[in-house]
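Notes for the structure review
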Amino acid sequence: MTGPRCSRCLCPSGRGTAGLCSQEVVLRPGEFNRLHQQSSAAIPPERTIQRSRTKLHRCPCLRSGPRRLGPMTRMLRWLVGGRVGPVWMWKALLIFVAIGFAGQLLGVIFNKSIHTAGRSIFTSPDAQGPSLGSCQPHTHIMFLKTHKTASSTVLNMLYRFGEERNLRFALPLGYQLGYPLPFNAHRVKGYRGRGAMEYHIMGNHMRFNKPEVEKVMPADTFYFSIIRNPVALAESSFAYYKEVAPAFRKAKTLGDFADDPRKYYDPRLRNNHYARNVLLFDFGMDHNANFSEALARRAEQMIRQTFKLILVSEYFDQSMILLRHALCWPLDAVVSFSLNARQQKPSILGGMSGSWVGKVATAAGVGGKGGRSQAKTATNVTEEQREKLRQWNALDWHLYKSFNRTFWEEIHRFGHAQMEEEVALLRMRREDLARVCLRDGGKPVEAHRIRDKNIRPYQSGLVKILGYELQPGLDNATRTSCLRMIRPEIQYKDVLDAKQFLRPLMAQAQPVQQNQGLMVAAGNSLLRQDSFRTGERPFGGEAGRRTVEEVERDWARSRSVRRNQTLIGEPDKGRMR
């Protein structure tokens, strides 16, 4: 017995593949049972589906049918034809598979677009900036890191530049180079004598001592530093060092201290150097000397003889352009995010821009072109009190006025139009990197809100130190470059130390807090509690004031600085708080 003949009436839609008719066959009464009983013997080529009135026939008339279906459709029809579950289940499964595949495909495309942008931004032509000609980058650099002058941001640039090029750093044994004692070459970790090892970059906190520095750094080293308006610097120091400097600790407010500094200041007590002429102290000179024009000019001249460039933190972006040209560095090497910045109240910021154009300078207290800082202070000191602070820090004030004037002379020689153009490029680049690297477009956040404990800034004093969170989803190369830009100073020093001395890097989360019994924060630097239990005695004191020539000779030969570092204990305090 042969099977029923295939005809157009049996396959009205023309469906079927390779001669198989998949349309329902209209059977007469009783014919379904008869065909079912005879299907295995009578019609071997045919497949009859049980519990159904659908019968698939080899249909010669459809071998050249009107349409040939694709492999996916044939597979689906085969599954459905097998009736492994209801048809709606297979349709739902197919929809879910399609949605999942599309989502995965879109996700891959989206991630690739982000990663491509992240990779290209650090290798794009914009990273180099305007051409610097045929000059070669300086790699022997000494940066005198002064206090509360945006120097942590500058040090981060040096760290990044050196790490990317595998340069050797003159790193401290701890976190600073013997400060507040005058620098000694043996404070450098691994130092074995003059010329035994080539060091490229020195930049951690120190009290400058030129002869000892020259033992470590090569003869062609480029020396530079950064200064700040002494009034703004005093306001920042009061907030950071109130629990460290006895003079600040005794005063309720900075205004009270400014009204009568000698009421609170004792030059013999440790860490009181933060309360008077701290810039001059960092440069290695007598910060307690009575002011005279001759002494101030002599100190200025000594600094000029050694330091090739003095930056001004109130004009940070302009400073970075001058530094870039002096060092022959690419633009990205001087692009930065403000580090170690403290949280400001909205009223304190006044009219400062919330964009990256002014954030770095805001942290330093942005001022006007005339040299006086125009930023409001958190202590709300009066103009009369500000003038008293200038008089109290008269030596620093002289340095600031002189080097601020020199700074604008440099810009005049550089060209105001070119400076404005390159500053605009630097700020644009900073905005671009912030969008790629930082979550929420680069808005600084409090330390406890940073998920990665390894990049939380160390907290000190009465203010909150802000940090950053990295953008999620960055590729490894981009994340590494971005992380370098926001890594706090203490953690970065530990990373460089581990690389340079080939040792496993210990857990970095809260590195200083692991040694709270030994360390106490002093702003962005650390002091051992069992060291410096006393203050510094004035260079002259009861033994008589030194002449200007003697001060110069002492600084050059590093004799009286060490001789006058006699330490005497604070009578009512056994340990630092």
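All values reported here derive from a predicted model rather than from experimental measurement. (Residues numbered from 1 in each chain as written. Predicted model: local features only at pLDDT ≥ 70, side-chain atom pairs only at ≥ 80, totals over all residues. Heavy atoms only, no water.)

The axes of two packed helices give the description: the angle between them and the distance between them. Relative to each other, helix α12 (residues 316-327) and helix α17 (residues 416-437) sit at 100°, their axes nearing to 9 Å. Classified by the angle their axes make, α12 and α17 are roughly perpendicular. On α17, the residues that touch Asp317, Gln318, Met320, Ile321, Leu322, Arg324 and His325 of α12 are Gln418, Met419, Glu422, Val423, Leu426, Arg427 and Arg430. Of the residues in the contact of α12 with α17, the class split is six nonpolar, three polar and five charged. (Axes fitted to C-alpha atoms, helices over the stretch in contact; angles between N-to-C directions. Helix = DSSP H or I, 4+ residues; strand = E, 2+ residues; numbered from the N terminus. Parallel < 35°, antiparallel > 145°, perpendicular 65-115°, else oblique. Contact = heavy atoms within 4.5 Å. Nonpolar A, V, L, I, M, F, W, Y, C, P; charged D, E, K, R; others polar.)

This paragraph deals with the state of the cysteines. Summed over the entire model, instances satisfying the criterion amount to two disulfides. Disulfide partner of Cys135: Cys328, at an S-S distance of 1.8 Å. Of note, the bridge from Cys135 to Cys328 carries an S-S torsion of about 80° and is right-handed in sense. Separated by 193 residues along the polypeptide, Cys135 in the loop between α3 (87-121) and β4 (141-144) and Cys328 in the loop between α12 and α13 (346-349) bring together distant segments of the chain. Its relative accessible area of 33% is what places Cys135 among the partly exposed residues. Note that Cys437 is cross-linked by a disulfide to Cys482, the S-S spacing being 2.0 Å. Looking along the S-S bond of the Cys437-Cys482 disulfide, the torsion reads about -65°, which is the left-handed sense. Here Cys437, found in helix α17, pairs with Cys482, found in helix α18 (residues 476-486); they are 45 residues apart in sequence, far enough to count as distant. (Disulfide = S-S within 2.5 Å. Buried < 20%, exposed > 50% of the residue type's maximum accessible area, 1.4 Å probe, protein only.)

A separate point is a nonpolar patch on the surface. Together, Ile95, Phe96 and Ile99 make up an exposed nonpolar region whose accessible area comes to about 360 Å². Checked against the element boundaries, Phe96 lands in helix α3. Using a relative accessible area of 63% as the deciding quantity, one classes Phe96 as exposed. (Patch = residues over 30% accessible without salt bridge, like charges linked within 9 Å, V, L, I, M, F, W, Y side chains within 5 Å. Areas by Shrake-Rupley, 256 points an atom, 1.4 Å probe, with all protein chains shown as cover. Salt bridge = Lys/Arg side-chain N within 4 Å of Asp/Glu carboxyl O.)

Two residues of an α-helix separated by three or four positions point the same way, owing to the 3.6 residues in each turn. Among all positions of α18, only Thr478, Ser481, Cys482, Leu483, Arg484, Met485 and Ile486 are buried. Near the N-terminus of α18, the side chain that reaches the backbone nitrogen of Ala477, with its oxygen 3.2 Å away, is that of Asp475. (Polar contact = N/O pair within 3.5 Å; in protein donor to acceptor, adjacent residues only side chain to side chain.)

This part takes up helix α15 (residues 383-392). Residues Gln385, Arg386, Leu389, Arg390 and Trp392 constitute the buried set of α15. On an axial view of α15, the arc spanned by its buried residues comes to 165°, and they lie on one face. In α15, the exposed positions angled more than 90 degrees off the buried face are occupied by Glu384 and Gln391. At its buried positions, α15 is contacted by α6 (230-241), α8 (254-259), α9 (261-264) and α16 (394-414). (Arc of directions from axis to C-beta.)

Turning our attention to unusual backbone geometry. Along the chain, Tyr179 connects to Pro180 via a cis peptide bond; the corresponding omega equals 10°. Tracing the chain through its elements places Pro180 in the loop between α4 (151-164) and β5 (201-202). Positive phi is not limited to glycine here, since Cys328 has a value of about 60°.

If you look at the biggest cluster of nonpolar residues, it comprises 117 residues, and the most contacted ones within it are Met202, Val216, Phe224 and Phe257. Among the elements that take part in this core, α16 stands out by supplying nine residues, more than any other. Not counting residues up to four positions away in its chain, the partners in contact with Val216 are Ala170, Phe183, Ala185, Val188, Tyr191, Tyr199 and Met202. (Core = buried A, V, L, I, M, F, W, Y, C linked by side-chain atoms within 4.5 Å.)

Buried residues dominate strand β6 (residues 222-227), accounting for six of its six residues. Burial of the side chains of β6 extends over both faces: Phe222, Phe224 and Ile226 are buried on one face and Tyr223, Ser225 and Ile227 on the other. When β4 meets β6, the two strands line up parallel, connected through four bridges. Bridge assignment links Phe143 to a residue of β6, and that residue is Phe224. In this sheet, strand β7 (residues 309-312) lies alongside β6 in parallel orientation, the contact comprising four bridges. Residue pairing in the sheet places Phe224 in a bridge with Leu309 of β7. (Pairing = 2+ DSSP bridges.)

We now examine the pattern of salt bridges. Within this structure, the stated rule accounts for 22 salt bridges. With a shortest N-O distance of 2.9 Å, Glu300 and Arg304 are connected by a salt bridge. Pair noted here: Glu300 and Arg304 are both in helix α11 (residues 293-306), with a separation of four residues, about one helical turn. Residue Arg304 is classed as partly exposed on the basis of its relative accessible area of 28%.

Averaged over all residues, the pLDDT of the chain is 74; the fraction at 70 or higher stands at 60%. Scored below 50 in pLDDT, residues 60-65 shows 11 contacts in the model against residues more than four places distant or in partner chains. (pLDDT = per-residue confidence, 0-100.)

Take the environment of Pro246 next. Mapped onto the secondary structure, Pro246 falls in helix α7 (residues 246-250). The exposure class assigned to Pro246 is buried, which follows from its relative accessible area of 1%. Expressed as a C-alpha distance, the spacing of Pro246 and Asn272, which sit 26 residues apart in the sequence, is 6.2 Å.

On to the pairing of β4, then. Side chains Ile141 and Phe143 project from β4 onto one buried face, and the interleaved Met142 and Leu144 project onto a second face that is buried too. Of the pairings in the sheet, the one linking β4 to β5 comprises two bridges and is parallel in character. Note that in β5 the partner of Ile141 across the bridge is Ile201. Since β4 and β5 lie parallel, the crossover through α4 that links them has a hand, and here it is right-handed. (Right-handed = clockwise from strand over helix to strand, strands pointing away.)

Let us now look at the packing of aromatic side chains. Per the stated rule, a full pass over the model turns up 22 aromatic pairs. Measuring from ring centre to ring centre gives 6.0 Å for Trp397 and Tyr400, while their planes differ by 20°; the resulting arrangement is stacked. Highlighted residues: Trp397 and Tyr400, both in helix α16, separated by three residues, approximately one helical turn. Residue Trp397 shares its accessibility class with Tyr400, and that shared class is buried. (Phe/Tyr/Trp six-rings, centres within 6.5 Å; stacked < 30°, edge-to-face > 60°.)

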